[in-house]
Amino acid sequence: MITEKSKELYSKALGFMPGGVNSPVRAYGSVGRTPLFIESAKGSKIYDEDGNEFIDYVCSWGPNILGHCDPAVISAVTEACGRGLTFGACHKGEIRLAQLIQKHFPSMEMLRLVNSGTEAVMSAIRAARGYTGRDKIVKFEGCYHGHSDGLLVSAGSGLLTNSIPSSAGVPVGYTETTLLAKYNDESSVERLFDSDGGQIAAVIAEPCAANMGVVPPKKGFLEFLRKITEQYGAVLIFDEVITGFRLSIGGAQKFYGITPDLTTLGKIVGGGMPLAAYGGKREIMECVAPLGSVYQAGTLSGNPAAVAAGIATIEQLEARPEIYDELDKKSAEIERAMRSAGLNVNRCGSLLTAFFTDGNVTDYDTAKSADTKKYAEYFGYLLENGIYTAPSQFEAMFVSAAHSAEDIKHTCGVIENFR
Ligand SMILES: *Cc1c(COP(=O)(O)O)cnc(C)c1O
């Protein structure tokens, strides 16, 4: 595979952006390669500047559930752009998108459109704190909720209640109110409520974790979160930035049948444009300005071109409900191929991860036990064989409606032969 042009472009980019990238995972740091520069993408394929073609299973980290350049989405965006890129004022599209979101996420009785998943989560947490008048939040090790200060916490110390920032530049004070629990471990949550129950504003969780690789919730875990938050008057936030419109058209909450108090959406909801949303119970959302005293705003929020992409994407998903069964079947085939290559697989619908671990992965500790060198080998092998996946062990593989039977067959053949 020739990657001369990507190499040349990367060396230029290094002079301008930290690590040559605008988001760290793109630097290919953990797979020891030079990042590819993408020239274009269409359907299930992505093309780099050297003219290499790949079957794309990154799908921009989730948004492209319809594949690249879905004609309905592109024409909706093009039409919207012709009417002006941004107004900073009300427009009809906002109502239409809000209606569509609410139809599929009835728990989002009121909602706000924002520009990124990070912003959606940050705002949802602020609303939960404003509503409850409490400061503390519970998050799970290995769950990612964007890069806002209070959420950049790892449990490096192993002391669950000792919240040490996992990024420089985050004052300890910002993370002191973030309590850490273990995913799929009910007793770790119970302990926090035992000691701090009256001060916990919210529990935030990815209802199916997908940012430490895919780690589905154990049976009963989400039910437990629903119950304990109700018992203590804390807000349950499902961060559905990845799972929303993916596990089902109604996200993980429909898939698992558990209703949170607040939900955050991103990725698919913006159809490939910078758009995200947060919302939930009316009485919580009524705390948000100008109705209430929780401030949250945005110059580009509800951007008309982004809104058009979101509407067109959801309308396509509504018009083609068979997509979800097909995604499940295609993903199951890939899972089978991974297993026949002896890999450990976690899969939830069209999200899957092949883990280079000895045993099953059920939480952050077991995920971290993965052999990342072996993953780097696997990543390079797939790439050399025309398959573009995440340059990190701790991400999901995303299957889209655009992946053809032939794409899947080729992919499975390549994976089965990995040694
Ligand atoms: C991607 C992601 C975010 C952050 O969204 P950005 O748009 O990258 O800011 C938050 N939560 C989850 C679960 C995500 O997967």
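Residues numbered from 1 in each chain as written. Predicted model: local features only at pLDDT ≥ 70, side-chain atom pairs only at ≥ 80, totals over all residues. Heavy atoms only, no water.

## Concerning empty space enclosed by the protein
Counted only if it meets this: Only protein atoms enter the calculation, which uses a 1 Å grid: trapped sets of points that fit a 1.4 Å probe without letting it out are cavities, open sets showing protein on both sides within 12 Å along at least five of seven lines are pockets, and any residue with an atom within 4 Å of a point is a lining residue. Grid points are joined across faces, edges and corners, and a volume is the space filled by probe spheres set on the points. Secondary structure elements are taken from DSSP: a helix is a run of H or I of four residues or more, a strand is a run of E of two residues or more, and numbering for both begins at the N terminus. Under the grouping applied here, Gly and all other residues not named as nonpolar or charged are polar, the nonpolar ones being Ala, Val, Leu, Ile, Met, Phe, Trp, Tyr, Cys and Pro and the charged ones Asp, Glu, Lys and Arg.
Scanning the model with the defined rule gives one cavity of 30 Å³ or more in all. In this structure, the largest cavity spans a volume of roughly 90 Å³. Looking at the largest cavity, it is lined by 13 residues, and the ones nearest its centre are Leu 352, Ala 354, Tyr 375, Glu 395 and Met 397. Mapped by element, the contributors of at least two residues to the lining of the largest cavity are β14 (351-355) and α13 (372-384). The biggest single contributor to the lining of the largest cavity is β14, with three residues. A per-class count over the lining of the largest cavity returns eight nonpolar, four polar and one charged.

## Thoughts on unusual backbone geometry
Cis geometry is adopted by the peptide bond preceding Pro 290, which originates at Ala 289 and carries an omega value of 10°. Mapped onto the elements, Pro 290 comes out in the loop between α9 (282-285) and α10 (304-319). In this structure, Asn 184 is a non-glycine residue whose phi angle is positive, near 70°. With respect to the element layout, Asn 184 can be found in the loop between β8 (178-181) and α6 (186-196).

## Structural notes on the site of the ligand
For clarity, the threshold we go by: Here a residue is near a molecule or strand as soon as one of its heavy atoms is found within 4 Å of it. In the analysis that follows, any N or O atom pair within 3.5 Å is treated as a polar contact, provided that within protein one partner can donate a hydrogen and the other can accept it, and provided that, for residues neighboring in sequence, both atoms belong to side chains. Working definition of accessibility: Shrake-Rupley area with a 1.4 Å probe, residue cover restricted to the visible protein chains.
The environment of the ligand is made up of Ser 116, Gly 117, Thr 118, Tyr 144, His 145, Gly 146, Glu 206, Asn 211, Asp 239, Val 241, Ile 242 and Lys 267. A distance of 3.1 Å separates an oxygen atom of the ligand from a polar side-chain atom of Asn 211. Taken by itself the ligand offers 390 Å² of open surface, and the protein chains cover 83% of this. Class assignment for the residues of the shell around the ligand results in three nonpolar, six polar and three charged.

## What to know about the environment of Leu 383
The condition that has to hold: In this analysis, two residues are considered to be in contact whenever any of their non-hydrogen atoms come within 4.5 Å of each other.
Relative to the elements of secondary structure, Leu 383 occurs in helix α13. In this structure the C-alpha to C-alpha distance between Leu 383 and Phe 54, which are 329 residues apart in sequence, comes to 7.5 Å. Setting aside anything within four residues of it in sequence, one finds Leu 383 in contact with Met 1, Arg 33, Leu 36, Phe 54 and Tyr 388.

## A word on the layout of surface pockets
Here the idea is plain: a probe the size of a water molecule rolls over the atoms and shows the empty space left. When its volume is computed, the second largest pocket comes out at roughly 460 Å³. Lining of the second largest pocket is provided by 21 residues; of these, Glu 94, Arg 112, Leu 113, Ser 301 and Gly 302 occupy positions nearest its centre. Of all the elements in the fold, those that place two or more residues in the lining of the second largest pocket are α3 (92-104) and β4 (110-114). In terms of residue class, the lining of the second largest pocket is made up of 10 nonpolar, nine polar and two charged.

## What to know about the environment of Arg 339
Note that Arg 339 resides in helix α11 (residues 323-340). For the pair Arg 339 and Ile 415, spaced 76 residues apart in sequence, the C-alpha to C-alpha distance is 9.3 Å.

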